[in-house]
Each structure stands twice: as C-alpha cells, then as structure tokens.
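# Observations on chain architecture
Residues per chain are reported as follows:
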Amino acid sequence: MNPLLASAALGLLVAWPAAGLGWALGTLSDKLTRDPGPRDRVWGFATALAPSALALTVGAALMPGSLTAPVQKITLVSNMAVGATAAFSQVSEAAPLVPEISEVLARGLVLGAFGGLVVAVARQVIGLLRLRAIVRDAIPAQPDLTLAVRDAARRLGCVWPDVRLSEDVQQPLLAGLFKPVILLPADLSRQLETEQLLPICVHELAHLKRHDNWRLLIEGLSAGLFWMAAPQGALHIRAAAVREERCDGIALEGADARARRRYAENLVRALRAQSTPELQPAFTGKSRRSIAMRLEAIAKPQAPASTARKAALGALAVLIATLTAGGAMALAQKKIDRASYAHSTISDDD
C-alpha cells in the first residue's frame, strides 16, 4: 500500500482517540472551574487535537526518511513523551489501537473524509452567499446605536463594523469574513432601547475581536473532514458554546444586576425565534444545555479560575498533546514502514 494513503487513513482513525482525549480534558475543565476564559482555551485546544494527529501522520509519510528520525527525536524529548510512545507501541503490539489497514479500508476512509470535506465546503459557500444577500438587503441601524457601537469597538480595540437591521434574521449575529457586519433583527430593534441593544452588539464585537467568524469557518471544514469521528463533532459544539459564554462575559463586564437581567431576558427572547442562517457567530448558540449554563453565568458571574487550577489544566493539556503527538508519530512510523516494505516487496517481485 502507498505509505501516504496508509498514513492518511491512520490519521483519520487516530482522530477518534485524539478527540476522545480532548473531550475528557474539556469536561474536566468544566468541572474544575466555571470561568469561561480558561475553559474557552481548553475546548479550543481540544478541537485541534484530531487535525494535529492527522497532520503528524501525513507529515511523517511526506517527510524524507533523513528528516523523519530527527522529527521523532524532537517529539520525544521528554521522559513523558517516551513513556507515552512506549505505551502506544505496547498497546499496538498486544491489542492494536489501530488495526492493520487494508487498502480497501484505507481508500474508503480517505474518500469518505474527502467527501465530507466537499460537503462542508459547499455548506459554507451556500451559507456565506445567503448571508451576503441578507446583508445587502438590510438597512442601517439608528444613528445613536451606530455611534454607541463605534465607541464600544474602540474600547475593545477591534475594527468598527456596520450595524444593520434585517427582517430575514431572528437573532443578532456577526456576518461576513472580510467586511463583518452586525445584523440585528428589525423586530428586536423596535422592541428594545439603545442601552439594551448595545450589550448585544458588544457580544458580537467580542466575536469579531476574537476572529470567531474565521474560527467557525475552520471548525466547519474540520467537522466535515472528521465527520466519521463522532467525538470531533461534539467537541466543536461544546467549543462554540463556551465561546458564547466568554463573549457574554466581555459584553457584561462591569454590568449591574439589572443590566444582566435584561440581557438574559433578551437571550430568552432570541431563543423563541432561533431560526437563522447557519455558519456564523450568533447570539443564542445551539445547545439548550449550554444556554442554561450561559443564563446561570449571566445571572451569577463566577470568580476567575485560581492559578493552581489554571496550572493543572495547562499541565493536563501538555500531557494530552504529548500523548497525541508521540503516539501518533510512533504508530504512523510503524505503519508507514510496514506499508513501504510491502510496497517494495511487490515491486521487487514484479
């Protein structure tokens, strides 16, 4: 079997345990702290584990043999990494974590992943075109709100997006990649005063400052590529939910109890009309459980995570990254060596 094909199939299979480790880390972060800052970073890190494992395995196949050994040595610089790789190797020998891949299975995995990626690209393009049409038909927001959003953008240190009102959306959202626009439901703008709309717009400004519109695009493509690895899809959902909590915290920084209550009421109001174009950072999010967690965080803001808990999460993230990198490289090299040997044997027989 071609080593590149074998490594790509292996990377797609390794996505399962990598995503599973990421899910365990993210769940632990939810239990250790309610502070959305470190949890946001942990869940974002967790979503990158499966793509990183795939990149490592494919990179091992593309890399010349003279460079593979040094890369492995760099990966295995610590005793922890050596132990992780040894554990992966022992498991692979005794009860293989990833079974021997037949060429038919490998081709099926790679074609399936490519098909998922094509579908994801099509969904992204359709969603972006739909949003562009909505933005084109939207009307400018009232001047006082526009000026207030401009001042808020200056305070946050991000670019100042247009604020528009549309009859075609049912919840506030940030639309666009190169020229982002805050879209507000026209009906919502008629019901709320500027002081009530401003925190909602600041929530979208927080998404803009964090480049969440680009992050969501990348995660959508990643979800399509790894659609066969169920844990990866669940990771993207949780990561998006924690991002919403983080942006709530930015929008409500320094707010009093009355402002927080109004913000929560507006969130519930938007939930009642949740139908909206997909593929953009939207005010409500998707998961009902996550929304309940958001409402609790809005009503009862939590203290920042302690240094000890942040350090514990950082150490666990390093451990899991080492397990993923060291294990993926060790398994990849083993499979690639076998695939290369089989390929060369067939060539010699010919």
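Residues numbered from 1 in each chain as written. Predicted model: local features only at pLDDT ≥ 70, side-chain atom pairs only at ≥ 80, totals over all residues. Heavy atoms only, no water.

### Notes on the overall build of the protein chain
Secondary structure summary: the protein chain contains 14 helices and 4 strands in total. Put simply, 77% of the contacts in the protein chain that link residues at least 6 apart link residues at least 24 apart. Carbon and sulfur atoms make up 63% of the accessible area of the protein chain, which totals about 17,000 Å². (Helix = DSSP H or I, 4+ residues; strand = E, 2+ residues; numbered from the N terminus. Contact = heavy atoms within 4.5 Å. Areas by Shrake-Rupley, 256 points an atom, 1.4 Å probe, with all protein chains shown as cover.)

### Some points on a nonpolar patch on the surface
Taken together, the side chains of Val-121, Val-125 and Leu-129 make up a nonpolar region of the molecular surface, amounting to roughly 240 Å² of accessible area. Position of Val-121 relative to the elements: it lies in helix 6 (residues 103–137). (Patch = residues over 30% accessible without salt bridge, like charges linked within 9 Å, V, L, I, M, F, W, Y side chains within 5 Å. Salt bridge = Lys/Arg side-chain N within 4 Å of Asp/Glu carboxyl O.)

### Quick word on the packing of helix 2 (residues 36–47) against helix 11 (residues 230–251)
Two elements in contact, helix 2 and helix 11, have axes whose closest approach is 9 Å; the angle formed by their N-to-C orientations is 155 degrees. Judged by the inter-axis angle, helix 2 sits roughly antiparallel to helix 11. At the point where helix 2 passes helix 11, the crossing takes the left-handed sense. Where helix 2 abuts helix 11, its residues Pro-36, Gly-37, Arg-39, Asp-40, Trp-43, Ala-46 and Thr-47 lie against Gln-232, Leu-235, His-236, Arg-238, Ala-239, Val-242, Arg-243, Glu-245 and Arg-246. Residue composition of the contact of helix 2 with helix 11, by class: 6 nonpolar, 4 polar and 6 charged. (Axes fitted to C-alpha atoms, helices over the stretch in contact; angles between N-to-C directions. Parallel < 35°, antiparallel > 145°, perpendicular 65-115°, else oblique. Left-handed = near helix turned anticlockwise from the far one by under 90°. Nonpolar A, V, L, I, M, F, W, Y, C, P; charged D, E, K, R; others polar.)

### Details of the side chain of Arg-260
Inspection of the secondary structure puts Arg-260 in helix 12 (residues 257–271). Buried within the structure, Arg-260 lacks any salt-bridge partner; Asp-256 is the closest side chain of opposite charge, at an N-O distance of 7.3 Å. At 3.5 Å, the side chain of Arg-260 forms a polar contact with the backbone oxygen of Leu-252. A polar side-chain atom of Arg-260 sits 3.0 Å from the main-chain carbonyl oxygen of Ile-298. In contact with Arg-260, other than residues within four places in its own chain, are Leu-252, Ala-255, Ala-297, Ile-298 and Pro-301. (Buried < 20%, exposed > 50% of the residue type's maximum accessible area, 1.4 Å probe, protein only. Lys, Arg positive; Asp, Glu negative; His and termini not counted. Polar contact = N/O pair within 3.5 Å; in protein donor to acceptor, adjacent residues only side chain to side chain.)

### Brief notes about the nonpolar core
Inside soluble globular proteins, nonpolar side chains tend to come together where they are buried. One finds Leu-145, Val-149, Val-163, Ile-182, Leu-184, Cys-201 and Leu-205 to be the most contacted residues of the largest nonpolar core, which totals 26 residues. Of all elements in the fold, only helix 7 (143–156), strand 2 (162–166), strand 4 (181–185), helix 8 (186–191), helix 9 (194–209) and helix 12 reach the threshold of two or more residues within this core. (Core = buried A, V, L, I, M, F, W, Y, C linked by side-chain atoms within 4.5 Å.)

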